[in-house]
Amino acid sequence: MARPERKGRVNKKRGKKGGKKETPAEETVAPMDIDQQQQQPEQQQQTNSAGIVFNDQHFQSAHFGEVDEEILGYFKNVEQTLDDPPFETGEDQRLFVQNVYTEVDGNELRLSTNYSCSLILEKLLKISDSFQLRVFMDKLSGKTVELFAHRFASHVCQTLLTLAADVVEREVIEGIEVEAPKGEDVGELFSMEKLILGLCEEIKPVVGGLISQQFASHVIRILLFVLAGKRIDETGDVKGKLRSKKSAQYKKDNNDSFTKSSGKSSPIRKVPDSFKAMFRTLTTELAINMSETEVRTLSVHRVANPVLQLLLEMQDDDKQGQKATNILIDRILWGIVTDIDSTEEHKDRDSWFETLVRDPVGSHLLEVISKVAPNAIYKKIFKTYLKGKLEKFSMHPIANFVIQNLITNVRKPKQLDQMMEELGNSFEKLLKFGKYGVIRSLVDASVKMNTSQKAVVEAIAKALHMPEGTDRKEFINCCMRMWTLEQWNEASEDEKWDLYKFHLQGSLIVQGIMKMEPECNAIATNSFLSQRPDVVYRWCFSPAGSRAFESIVASPHVNQKMKKKIIRDLSGKFTALSKDKFGSHIMEKCWATADIDSKEKIVSELLKSEYELSSHFIGKGILWTCRIDQYKRRHDEWVEREKGAERKREMFKDILDDTNDKPNKKRKTTA
């Protein structure tokens, strides 16, 4: 029997097997420009009234011509100057930047859409003054949508908006910087506030499509930060909400600076009222004017999902903000707010929630909802969809993160008691399958809500095969490594001494236990004190071990006699600890909690190595903390000062303990 001819796959790049099928002449499709695409029928374009465009090709046609070789060469020289600046004064730098802008005047759009020039433009913008930034933004006006959706220009827009936030704040505080126009053809230069509002007006009709566009989405997120008055900190962007992974990696590899928020700066910026109004307008376009189907489609969209997260987190804690939050949650979760009091079964919503909680993209949105949802909606979600299924979802590789956030943001002690009652017998299974984060969340929540603490600790001990009534001497060792007692007993001496066996989640669990009441944390404290001093001393040089050590020394629920014993066991090792990047933090905690006799012993030991420590970049900080100079020159004053600090600590001890232990009675319904 003859073998049938095997046809190759059509329209593939690897065409050796069968080649491409020739397209008949009458079926040949010509490339379309923006206008042609906008004239397409609505069914083919796949658009809707809210501007959602599931086929975003019409955002990818921006092209403003090639950059001249002369300008390209000039910009390469500019980059060399920026990388190694020869400026002696700030005025020299300002004049250089101004000359560059003058040379490239009229080519801003071409430069922004060129790969190499866009990178140089970002560096140039970072050293530009407020006036120069306003001029540059004014040059880009009218082409905002095309630039936002461009692969290279979107990064320029992102940097420009990030810097513009500082300009707007200065305008609110100090007023608008005015510079006289040069030339008859030069018109009025708007303030940065008006320029950003004009930009928002340009994108408003298509903002629904932009949030799902690969390059524009990150720029929209920065714009929301600016409008909401939130300070932008790219160094803390661990989930990629501000920059894509590729963009962040490029900046890291090329030593390019991230936008970093100062620790002293407030997370809230001063912005004009018009920005708040525009933020609500964009929220309305994205959350209210879209149908439920469109919002649910975006909630599982890899690029659009983070924008919805930001919209939920950034709403103000006022009536309008709460209304927008409720509407957005209602549309994401299939009318859950509308049916808040309904007890009828909703099959579509039930199946959608089951899908969302397991979805690698949509689950992030549920995490945010558990954080910002009003108490009534949180209760409805927990009672209807999660209660009775906590173990099942906790074992899921994706849904377990939703459960962690649900527990962390628990509203009432009674709810936590119900969660603990359901999960109490599942700790061993959670440990076996590596779902340590759920256990840590329960520990932290029990501390915050001041309930179920004993039940949580006993469940952990039982999961480590140390039930009540058995020897629990090795509890701290097993918990730090997330090992059962059998695993600890079977481990070799080398494995027991290996500091890399410490588990991060185990360390966090120990730190959480040390915030509990004395009768609850006694299991960890007694186990720690029963270890040989040379064993726990090695913890001080491990990132996970040192944090656990610190939590025991600094805990207000550990009595002073125990702390004094821990400090006494470190005697003779204070110099080595003072020079270590982890041990130095333990030295500071020990100093803060030590009595005057212990401080005398610490200082007398450090004095023997004063010269060595004073020349060490970490050790000299410990000498300053101990006020070694005052101890040598004015010993009586030093003693009186330290006794005064000790009296103050005792005086305010009860107040500080009450502040740390009591759960917040009022919880914000929005982030």
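## What to know about the overall build of the chain
Point 1. Secondary structure summary: the chain contains 42 helices and zero strands in total.
Point 2. For the chain, the residues scored as buried account for 48% of the 671 residues in total.
Point 3. Considering only intrachain contacts with a sequence separation of at least 6, the fraction spanning at least 24 residues in the chain is 72%.
Point 4. Approximately 35,600 Å² of the chain is accessible, and the part contributed by carbon and sulfur atoms is 50%.

## Considering the pattern of salt bridges
Point 1. According to the stated counting rule, one finds 31 salt bridges in the structure shown.
Point 2. The partner of Arg94 in a salt bridge is Glu91, with the nearest N and O atoms 3.4 Å apart. Highlighted residues: Arg94 and Glu91, both in helix α4 (residues 90-103), separated by three residues, approximately one helical turn.
Point 3. Look at Arg94 and you get partly exposed, because its relative accessible area is 31%.
Point 4. Residues Asp316 and Lys276 are paired through a salt bridge, measuring 3.9 Å at the closest nitrogen-oxygen approach. Of the two residues, Asp316 is situated in the loop between α16 (305-313) and α17 (319-332) and Lys276 in helix α14 (residues 273-288); the sequence distance between them amounts to 40 residues.
Point 5. Residue classification places Asp316 among the partly exposed residues on the basis of a relative accessible area of 26%.
Point 6. Three or more residues joined by partner-sharing salt bridges are found here, namely Asp166, Glu169, Arg231 and Arg269.

## Quick notes on the packing of aromatic side chains
Point 1. Considering all chains together, one arrives at eleven aromatic pairs under this definition.
Point 2. Both rings, one in Phe87 and one in Phe96, keep their centres 5.2 Å apart while their planes meet at 45°; by these two values the pair is tilted.
Point 3. Looking at Phe87, the relative accessible area reads 22%, which means it is partly exposed.
Point 4. Of note, Arg296 hangs over the ring of Trp334, and the distance from its end group to the ring centre comes to 3.6 Å.
Point 5. Above the ring of Trp483, the side-chain terminus of Arg481 is found at 5.9 Å from the ring centroid.

## Re unusual backbone geometry
Both trends apply: most residues other than glycine have a negative phi, and most peptide bonds are in trans.
Point 1. Positive phi is not limited to glycine here, since Ser452 has a value of about 60°.
Point 2. Turning to its location among the elements, Ser452 is positioned in the loop between α25 (436-449) and α26 (453-463).
Point 3. In this model, Arg627 sits at a positive phi of 50°, which is unusual for a non-glycine residue.
Point 4. Within the secondary structure, Arg627 is located in the loop between α39 (619-626) and α40 (628-633).
Point 5. Accessibility expressed as a relative area gives 30% for Arg627, which makes it partly exposed.

## Points about the packing of helix α20 (residues 375-386) against helix α23 (residues 413-423)
Two quantities define a packed helix pair, namely the angle between the axes and the distance from one axis to the other.
Point 1. For the pair α20 and α23, the least separation of the axes is 12 Å and the interaxial angle reads 20°. In this view, α20 runs roughly parallel relative to α23, as classed from their interaxial angle. Taken as a pair, α20 and α23 cross one another with a handedness that is left-handed. Along the contact surface, α20 presents Tyr378, Lys379, Phe382 and Leu386, while α23 presents Gln415, Gln418, Met419 and Glu422.
Point 2. Looking at the contact of α20 with α23, its residues break down into four nonpolar, two polar and two charged.

## Comments concerning helix α9 (residues 153-174)
Point 1. Under the 1.5 Å per step criterion, the end-to-end length of α9 is 31 Å for 22 residues, consistent within 8% with the ideal 32 Å.
Point 2. For α9, the tally of buried residues reaches 16 of 22 residues, placing the bulk of the element in the interior.
Point 3. Gly175 sits one or two residues past α9 and shows a positive phi near 100°.

## Notes on a negative patch on the surface
Point 1. Together, Asp68, Glu69, Glu70 and Glu103 make up a region of like negative charge exposed at the surface.
Point 2. With respect to the helices and strands, the residue Asp68 is situated in the loop between α2 (42-45) and α3 (69-83).
Point 3. By relative accessible area, which is 42% here, Asp68 ends up partly exposed.

## Overview of helix α15 (residues 292-299)
Point 1. For α15, the complete set of buried residues consists of Glu294, Val295, Arg296, Leu298 and Ser299.
Point 2. Those residues of α15 that are buried are in contact with α14, α16, α17, α18 (347-358) and α19 (362-372).

## A few points about the side chain of Ser191
Point 1. Looking at the secondary structure, you find Ser191 in the loop between α9 and α10 (192-203).
Point 2. In contact with Ser191, other than residues within four places in its own chain, are Arg134, Glu171 and Ile176.

## A short note on the packing of α26 against helix α31 (residues 518-529)
Point 1. The geometry of α26 relative to α31 is characterised by a closest axis approach of 9 Å and an angle of 25° between their N-to-C directions. Taken together, the axes of α26 and α31 lie roughly parallel to each other. Relative to α31, the crossing made by α26 is left-handed. Seen from α26, the contacting residues are Gln453, Lys454, Val457 and Ala461; seen from α31, they are Glu519, Cys520 and Ile523.
Point 2. Its residues assigned to classes, the contact of α26 with α31 shows four nonpolar, one polar and two charged.

## Details of the environment of Trp488
Point 1. Among the structural elements, Trp488 can be located in helix α28 (residues 485-490).
Point 2. Apart from residues no more than four positions distant in its own chain, Trp488 is found in contact with Glu474, Asn477, Cys478, Arg481, Trp483 and Lys496.

## Some points on the confidence of the model for the chain
Point 1. Taken over all residues, the pLDDT of the chain has a mean of 83, while the share at 70 or more is 81%.
Point 2. The model gives residues 3-57 a pLDDT under 50, and that stretch makes 48 contacts with residues more than four places away or in other chains.
Point 3. With pLDDT under 50 throughout, residues 658-671 is counted as low confidence; its partners more than four residues away or in other chains account for 29 contacts.

## A word on a positive patch on the surface
Point 1. Residues Lys379, Lys383, Lys387, Lys412 and Lys414 make up a contiguous surface patch of positive charge.
Point 2. For Lys383, a relative accessible area of 59% translates into the label exposed.

## Considering the environment of Leu431
Point 1. With respect to the helices and strands, Leu431 occurs in helix α24 (residues 427-432).
Point 2. When the C-alpha atoms of Leu431 and Trp483 are compared, they prove to be 8.5 Å apart, with 52 residues separating the residues in sequence.
Point 3. For Leu431, the residues in contact, after removing those within four places along its chain, are Tyr436, Ile439, Ala463, Leu464 and Met482.

The rules behind each value
Residue positions are given per chain, counting from 1 as you read along its sequence in written order. For a predicted model such as this one, the threshold for reporting local features is a pLDDT of at least 70, and the threshold for listing and counting side-chain atom pairs is 80 or more; totals across whole chains, interfaces and linings nevertheless cover every residue. For the side-chain quantities, the full set of heavy atoms in the structure was used; hydrogens and water were omitted. A run of H or I in DSSP counts as a helix once it spans at least four residues, and a run of E counts as a strand once it spans at least two, with each numbered from the N terminus. Throughout this description, buried means an accessible area under 20% of the type-specific maximum (1.4 Å probe, protein chains only), exposed means over 50%, and partly exposed covers the range between. Contact definition: two residues touch when any of their heavy atoms are within 4.5 Å. The Shrake-Rupley method, run with a 1.4 Å probe, gives the accessible areas here. Residue values count only the displayed protein chains as cover. Salt bridge criterion: a side-chain nitrogen from Lys or Arg within 4 Å of a carboxyl oxygen from Asp or Glu. Pairs were defined over the aromatic rings of Phe, Tyr and Trp, the Trp ring being its six-membered one, requiring ring centres within 6.5 Å. Orientation was assigned from the angle between planes: stacked under 30 degrees, edge-to-face over 60, tilted for the rest. Whether a charge sits over a ring comes down to the Lys NZ or Arg CZ being within 6 Å of the ring centre and within 35 degrees of the ring normal. For helices, the fitted line uses only the C-alpha atoms of the stretch in contact; every axis is such a line through C-alpha atoms, and the angle between N-to-C directions lies from 0 to 180 degrees. An angle below 35 degrees is treated as roughly parallel, one above 145 as roughly antiparallel, one from 65 to 115 as roughly perpendicular, and anything else as oblique. Should the near helix be turned anticlockwise from the far one by less than a right angle, the crossing is termed left-handed; should it be turned clockwise, right-handed. Throughout, the ten residues Ala, Val, Leu, Ile, Met, Phe, Trp, Tyr, Cys and Pro are labelled nonpolar, Asp, Glu, Lys and Arg are labelled charged, and all others, Gly among them, are labelled polar. Between the first and last residue of a helix there are one fewer steps than residues, each counted as 1.5 Å, and that sum is the expected span. Patch members must show over 30% relative accessible area and no salt bridge, and they are joined within 9 Å when carrying like charges or within 5 Å when they are nonpolar side chains of Val, Leu, Ile, Met, Phe, Trp or Tyr. By the counting rule applied here, Lys and Arg register as positive and Asp and Glu as negative, while His and the ends of each chain are not counted. A single reference atom marks each charge: NZ on Lys, CZ on Arg, CG on Asp, CD on Glu. As a per-residue quantity, pLDDT reports the predictor's confidence and falls between 0 and 100.

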